[in-house]
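Geometric and topological summary
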There are 2 protein chains.
Amino acid sequence: MPRYKITIEYDGTNYAGWQQQKDAPSIQEELQQAAFKFLAEDVLITGAGRTDAGVHALGQVAHFDTAKTLDPFRICQAFNAHLRPQPISVLNAEIVSDDFHARFDAKKRFYVYKILNRRSRPALNINRAWWVHQPLDIERMQDAAQVLIGKHDFSTFRAAACQAKSPIKTLDEIRIERYGDLIFFYFSARSFLHHQVRNIVGTLKLVGEGVWTKQNVINALEAKDRKAGGPTAAAEGLYFEKIIY
Amino acid sequence: MPRYKITIEYDGTNYAGWQQQKDAPSIQEELQQAAFKFLAEDVLITGAGRTDAGVHALGQVAHFDTAKTLDPFRICQAFNAHLRPQPISVLNAEIVSDDFHARFDAKKRFYVYKILNRRSRPALNINRAWWVHQPLDIERMQDAAQVLIGKHDFSTFRAAACQAKSPIKTLDEIRIERYGDLIFFYFSARSFLHHQVRNIVGTLKLVGEGVWTKQNVINALEAKDRKAGGPTAAAEGLYFEKIIY
């Protein structure tokens, strides 16, 4: 019974998130329905991470088992034929060992968060970036972000619904770049708490606006209390970029 | 009676194009309707160029006259308040001299054309790029593109419906860059023929695939006949980037 690993891009705008749920469309369910159409069997597709409603992916990874042995390239093509015209595309498929696990074997996860930073509302970036009209100072944000790099108790940046056993995580990188009126925040870590990226971006935005200082971020982190952190940045700016195994 | 110059970004996917027309939504009409809501007068909004159905703009420019004198920043805000939630955004507004003309005064126009070049169908780039699944060789395309730089009779790359008096145009630049699985073609010229960019991209794609050589492009140009050129690239890959006056 071969196990397949697939890499998936999607526009999360019109989905309730990755995770299958009652009465709402999900990426996981769309993939499982597509798989049923060409495999004629029910499969469980397990993702590397559960993206929230409105969150996108450039390279989500998932695995599944099937009784059929198919050429990986044909798997990819079959998924895409049946996913059409939905904004979900399988970029790659490969056969992996029986014990490969998309979630538990992930060594490093990468996210990108996009802010559209200009006075005028978005047009081409509707649902693709968080619109912040106050000018943001990248250098201030980059400097304050250093406070959060490394191993910390991230309770301040953790959603109430987070199911992780511990709030202690090691954040490897926050890199901030401006491209015209877009600001990209690049994050990497072995794993993240629920809403950790969005809560950090919401906090750094306060610094970028000049409302908060680096010391406020230090205080917020040390408080270990969600109420001490900044607001949660909008879902539409978040992209699950890639996973290294 | 002040004249205003506005700069506009839009997602052209669900519009019949820039130009106002019966029974179909257009960018021009949406802007004119928004203007009527805050100016309480009918205005004619004249664009620098007429984009086709499905074509986008990062910085289209237009002008209009109104009996009212309003602060340009408030004009911008008022447009955007009334355009919401449509994917049209006024990025800038300024008062210009009475004889400024968005179309006739343009010194240089810039377009970007985006190809998504990969095996898998688009997800995040649905309606935002032309999907070409055969691998394209950028160096071959860049080399062949040199044939088209400069002053030529571009009849081979001109739509039948083109209203320009002459097929002779001077193309200043074609620059081709790859960013991951996207290929961007940057074009600049004082003015373009109808479909000129899309017909050139459709022709360069044949070169990138290895179907055509540079000599085929030379022959096509010299034929001065639309039938000698490559296919018209899809509208959804084209972006009207900016205009210099």
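The structure presented is a predicted model; accordingly, all values stated were derived computationally and were not measured.

Tallied over the entire structure, the rule returns 26 salt bridges over all chains. Of the charged contacts in the structure, one is a salt bridge between A:K68 and A:E41, with a shortest N-O distance of 3.6 Å. In this pair, A:K68 sits in the loop between β3 (56–65) and α2 (72–83) while A:E41 sits in the loop between α1 (27–39) and β2 (46–47), placing the two residues 27 residues apart along the sequence. Residue classification places A:K68 among the partly exposed residues on the basis of a relative accessible area of 34%. Take A:E41: its relative accessible area is 16%, and that puts it in the buried class. Within the structure, one salt-bridge network assembled from shared partners comprises A:E9, B:R118 and B:D181.

With that out of the way, let us pick up the domain arrangement of chain A. Residues and elements named next belong to chain A. Domain annotation for chain A reports domain 1 (3–96) and domain 2 (108–244). Centre-to-centre, using C-alpha coordinates, domain 1 lies 27 Å away from domain 2. Contact with domain 1, which involves 16 residues of that partner, is made by 15 residues of domain 2. Contact between domain 1 and domain 2 buries roughly 1200 Å² in total, counting both sides, with carbon and sulfur atoms accounting for 55%. Its largest share of buried area at the contact with domain 2, domain 1 owes to D52, H56 and L58, together 39% of the area lost on that side. Two residues, R128 and D11, come together in a salt bridge whose shortest N-O distance is 3.0 Å. Put simply, domain 1 and domain 2 have 12 residue pairs in polar contact (both at pLDDT 80 or more) between them.

On to the layout of surface pockets. By rolling a water-sized probe across the atoms, one finds the places where empty space is left. Size it by volume and the largest pocket reaches roughly 1600 Å³. In this structure, the largest pocket is lined by 43 residues; those nearest its centre are A:K114, A:F184, B:K114, B:L182 and B:F184. For the lining of the largest pocket, the leading source of residues is strand β10 (residues 238–244) of chain B, giving four residues.

This brings us to the packing of α1(A) against α2(A). All names here are of chain A. Contact geometry for α1 and α2: axes closest at 9 Å, N-to-C directions at 110 degrees. With respect to each other, α1 and α2 are oriented roughly perpendicular. For the element pair α1 and α2, the recorded crossing hand is right-handed. Touching E30, L31, A34, A35, K37 and F38 of α1 are I75, A78, F79, H82 and L83, all from α2. A per-class count over the contact of α1 with α2 returns eight nonpolar, one polar and two charged.

Right, let's talk about the packing of helix α3 (residues 138–145) of chain B against helix α4 (residues 196–208) of chain B for a bit. All names here are of chain B. It is at 8 Å that the axes of α3 and α4 come closest, and there the two elements cross at 130 degrees. The angle between α3 and α4 falls in the class oblique. When the axes of α3 and α4 are compared, the crossing they make is right-handed. Across from R140, M141, A144 and A145 in α3, the residues of α4 making contact are L204, K205, V207 and G208. Looking at the contact of α3 with α4, its residues break down into five nonpolar, one polar and two charged.

That bond from A:R84 to A:P85 is cis: its omega, 5 degrees, falls within 30 degrees of zero. Mapped onto the secondary structure, A:P85 falls in the loop between α2 and β4 (88–96). In this model, B:D23 sits at a positive phi of 60 degrees, which is unusual for a non-glycine residue. With respect to the helices and strands, the residue B:D23 is situated in the loop between β1 (3–10) and α1 (27–39). Although it is not a glycine, B:K224 adopts a positive phi angle of roughly 50 degrees. The residue B:K224 is located in the loop between α5 (214–223) and β10 in this model. Taking the relative accessible area as the measure of exposure, B:K224 reaches 48% and is therefore partly exposed.

Attention now moves to the packing of aromatic side chains. Taken as a whole and judged by the stated rule, the model has 23 aromatic pairs over all chains. A ring pair is formed by A:F64 and A:F79, whose centres lie 5.8 Å apart and whose planes are at 75 degrees; its orientation type is edge-to-face. Here A:F64, found in strand β3, pairs with A:F79, found in helix α2; they are 15 residues apart in sequence, far enough to count as distant. We note that A:F64, like A:F79, is buried. Here the aromatic residues A:Y4, A:F38, A:F64 and A:F79 are joined through ring pairs into a cluster of three or more. Cation over ring: B:R175 sits above B:Y186, and NZ or CZ is 4.2 Å from the ring centre.

On to the environment of B:A144, then. Residues and elements named next belong to chain B. Along the chain, A144 turns up in helix α3. Among the residues examined, A144 registers a relative accessible area of 0% and is labelled buried. Distance from A144 to G208, taken between C-alpha atoms, is 9.2 Å for residues 64 residues apart in sequence. Once residues within four sequence positions are removed from consideration, A144 is found in contact with L204, V207, K214 and V217.

For chain A, the average pLDDT comes to 97, and 100% of its residues sit at 70 or higher. In the model output, the complex is listed with pTM 0.96 alongside ipTM 0.94.

About the criteria used
Residues numbered from 1 in each chain as written. Chains lettered and ligands numbered in written order. Predicted model: local features only at pLDDT ≥ 70, side-chain atom pairs only at ≥ 80, totals over all residues. Heavy atoms only, no water. Salt bridge = Lys/Arg side-chain N within 4 Å of Asp/Glu carboxyl O. Helix = DSSP H or I, 4+ residues; strand = E, 2+ residues; numbered from the N terminus. Buried < 20%, exposed > 50% of the residue type's maximum accessible area, 1.4 Å probe, protein only. Domains from an automatic or database assignment. Contact = heavy atoms within 4.5 Å. Buried area = accessible area lost by both parts, 1.4 Å probe. Polar contact = N/O pair within 3.5 Å; in protein donor to acceptor, adjacent residues only side chain to side chain. 1 Å grid on protein atoms, 1.4 Å probe; cavity = no way out; pocket = protein on both sides within 12 Å on 5 of 7 lines; lining within 4 Å. Points joined across faces, edges and corners; volume = space filled by probe spheres on them. Axes fitted to C-alpha atoms, helices over the stretch in contact; angles between N-to-C directions. Parallel < 35°, antiparallel > 145°, perpendicular 65-115°, else oblique. Left-handed = near helix turned anticlockwise from the far one by under 90°. Nonpolar A, V, L, I, M, F, W, Y, C, P; charged D, E, K, R; others polar. Phe/Tyr/Trp six-rings, centres within 6.5 Å; stacked < 30°, edge-to-face > 60°. Lys NZ or Arg CZ within 6 Å of the ring centre and 35° of its normal. pLDDT = per-residue confidence, 0-100.

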